[in-house]
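# Structural overview for review
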Amino acid sequence: MSSAEPAEDAHLNPSALGTKAHWDSLYALELTNHSANPDDVGTIWFSDSDCESRIYQYLTSDSLSLPSTSTFLDVGTGNGHLLFSLLEDGDFEGDGMVGVDYSEGSVELARNIAEQTPEAAGVKFLRLDVIQDTPELAFFGERIAEEGGFDVILDKGTFDAISLSDQLLEDGTGRRIYEVYPEKVAKWVKPDSGILLVTSCNWTEEELVKKMTVEGSGLEVKGRIKYPEFTFGGKKGSTVCSVAFQRKR
Ligand SMILES: C[S@@+](CC[C@H](N)C(=O)[O-])C[C@H]1O[C@@H](n2cnc3c(N)ncnc32)[C@H](O)[C@@H]1O
């Protein structure tokens, strides 16, 4: 999403991908394309890293042993493709799935695609700004409120996008908005058993862990997804990283 590699503790350089205007205009275009050709579902982020199938393999692995009735929240869902991909093999049910995005166009696009996807009948798509809005769990549905959060929260490229915003919090601390992401999203993870799985191409695995486990988030590393590594200038790395976090009470 950006080639700039941040120094330790540095912020990412802001870019258009950190603005709502960028996403609104992208989804306006993708809505037009999808209505002209229903097979065109728009951008699938990190598809060259085979990301969605690696996420699926991780979520269906014995190490997690998630039941089919698990609940999922996809943060910054875009076209909803990640949720739809999890429904393909029948391991999970759509009823417990919610996708949220701050762009109205994303929500409309994901709902349109869901209408054409029989197994996605129960999936809900809602408009939510994960930084500015402060919903109670009931916003996501009665079951989520009763169970105290989601079993799985997914983020593929959304923390990356929020990290590219130059907006500051209005609390006078001078912090950038992405810095409150961990504590905000962690509140929706079922304590002790739920996971937050964040996939990033802008932060290294080490940086992502540092950013997510900040004080106040209550998050701890639970696992990682492995991607092919390359060596450049004597350093090993991969283009994408996915780290799963657990929320401790
Ligand atoms: C790189 S795209 C990823 C979309 C999707 N997760 C995927 O993998 O295809 C980033 C998404 O985050 C959404 N987004 C950015 N900031 C957000 C915020 N504050 N609240 C909710 N969604 C946000 C954008 O609208 C966009 O859909």
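Residues numbered from 1 in each chain as written. Predicted model: local features only at pLDDT ≥ 70, side-chain atom pairs only at ≥ 80, totals over all residues. Heavy atoms only, no water.

The line we're drawing: UniProt positions are given in the numbering used here, feature names are shortened, and annotations may be inferred rather than shown by experiment.
As named in an unreviewed UniProt entry, the protein chain is Protein-lysine N-methyltransferase EFM4, taken from Dactylellina haptotyla. Regarding the protein chain, the UniProt comment filed under Sequence similarities (unreviewed entry) reads as follows: "Belongs to the class I-like SAM-binding methyltransferase superfamily. EFM4 family."

## With respect to the site of the ligand
This is how the line gets drawn: The nearness test applies per residue and asks whether one of its heavy atoms lies within 4 Å of the molecule or strand. Whenever a nitrogen or oxygen atom comes within 3.5 Å of another N or O atom, the pair is scored as a polar contact, on the condition that within protein one atom can donate a hydrogen and the other can accept it, and that pairs from neighbouring residues in sequence are kept only if both atoms are in side chains. Computed by Shrake-Rupley with a 1.4 Å probe, the accessible areas treat only the displayed protein chains as cover when residues are assessed.
Among the 17 residues in the neighbourhood of the ligand, the closest are listed as Tyr-27, Gly-76, Asp-101, Asp-129 and Lys-156. Contact distances for the ligand include 2.6 Å between an oxygen atom and a side-chain N or O atom of Tyr-27. In this structure, a nitrogen atom belonging to the ligand sits 3.0 Å away from a side-chain N or O atom of Asp-129. Against a free-state accessible area of 590 Å², the protein chains account for coverage of 98% of the ligand.

## Describing the pairing of strand 5 (residues 195-200)
Consecutive side chains of a regular strand alternate in pointing toward one face of the sheet and then the other. So the rule is basically this: Burial classes: relative accessible area under 20% of the type maximum marks a residue as buried, over 50% as exposed, and values in between as partly exposed (1.4 Å probe, protein chains only). Going along the chain from the N terminus, every DSSP run of H or I of four or more residues is numbered as a helix, and every run of E of two or more is numbered as a strand. Paired strands, as defined in this entry, are two strands with at least two bridges between them according to DSSP.
For strand 5, the buried fraction is high: six of the six residues fall into the buried class. Summarising the sheet, strand 5 and strand 9 (residues 241-247) pair through six bridges and their orientation is antiparallel. Its bridge partner lying in strand 9, Leu-197 is registered against Ala-244.

## Observations concerning the nonpolar core
Short version of the rule: Think of a nonpolar core as a cluster: buried Ala, Val, Leu, Ile, Met, Phe, Trp, Tyr and Cys residues, connected wherever their side-chain atoms sit within 4.5 Å. Only heavy atoms matter for contacts: two residues are in contact if any of them lie within 4.5 Å across the pair.
Core analysis: the largest hydrophobic core is formed by 74 residues, its most contacted members being Leu-59, Phe-140, Leu-154 and Trp-188. The contacts of Phe-140, once residues within four sequence positions are left out, are Leu-73, Val-98, Val-100, Lys-124, Leu-128, Pro-135, Phe-150 and Trp-188.

## Remarks on helix 1 (residues 20-36)
The following threshold applies: The length a helix should cover is 1.5 Å for every residue beyond the first. Each direction from the helix axis to a C-beta atom contributes to the arc, which is the arc of those directions.
Compared with the 24 Å implied by 1.5 Å per residue over 17 residues, the 24 Å span of helix 1 between its first and last C-alpha is a close match. Among the residues making up helix 1, those that are buried are Trp-23, Tyr-27, Glu-30, Leu-31 and His-34. Down the axis of helix 1, the sector holding all buried residues measures 110°, keeping them to one side. Set apart from the buried face of helix 1 by more than 90 degrees, the exposed residues are Ala-21 and Ala-36.

## Notes on the pairing of strand 4 (residues 152-156)
Most of strand 4 sits out of view: five of its five residues are buried. Burial along strand 4 is two-sided: Val-152, Leu-154 and Lys-156 facing one way and Ile-153 and Asp-155 facing the other are all buried. Where strand 1 (residues 72-75) meets strand 4, three bridges bridge the pair, whose relative direction is parallel. Along strand 4, the bridge assignment pairs Leu-73 with Ile-153.

## Considering the packing of aromatic side chains
Defined as follows: Two aromatic rings from Phe, Tyr or Trp, using only the six-membered ring of Trp, form a pair when their centres are within 6.5 Å; if the ring planes differ by under 30 degrees the pair is stacked, by over 60 it is edge-to-face, and anything between is tilted.
One pass over the structure, following the stated rule, counts 11 aromatic pairs. The interplanar angle of 65° and the centroid separation of 5.8 Å between the aromatic rings of Trp-23 and Trp-45 together place this pair among those described as edge-to-face. With Trp-23 in helix 1 and Trp-45 in the loop between helix 1 and helix 2 (51-59), this residue pair connects regions lying 22 residues apart in the sequence.

## Side note on the sheet that holds strand 6 (residues 219-225)
Sheet strands pair via backbone hydrogen bonds, and the direction of the pair is either parallel or antiparallel. Condition: To define axes, lines are fitted to C-alpha atoms, for helices over the stretch in contact only, and angles between the resulting N-to-C directions are given on a 0 to 180 degree scale.
The strand order 3-2-1-4-5-9-6 describes an open sheet built from seven strands, whose pairing is mixed. Strand pairing shows two members of the sheet lacking a second neighbour, strand 3 (124-127) and strand 6, which therefore form its edges. Ignoring which end each strand starts from, the neighbouring axes of this sheet average 20° apart. Inspection of the sheet shows strand 6 paired to strand 9 by six bridges, in the antiparallel sense. When the sheet's bridge partners are listed, Arg-224 is paired in strand 9 with Val-243. Contacts between helix 2 and the sheet are confined to strand 1, strand 4, strand 5, strand 6 and strand 9, with strand 5 contributing the most and set at about 160° to the helix. Across the sheet, helix 4 (residues 104-115) is in contact with strand 2 (97-101) and strand 3; its angle to strand 3 comes to roughly 170°.

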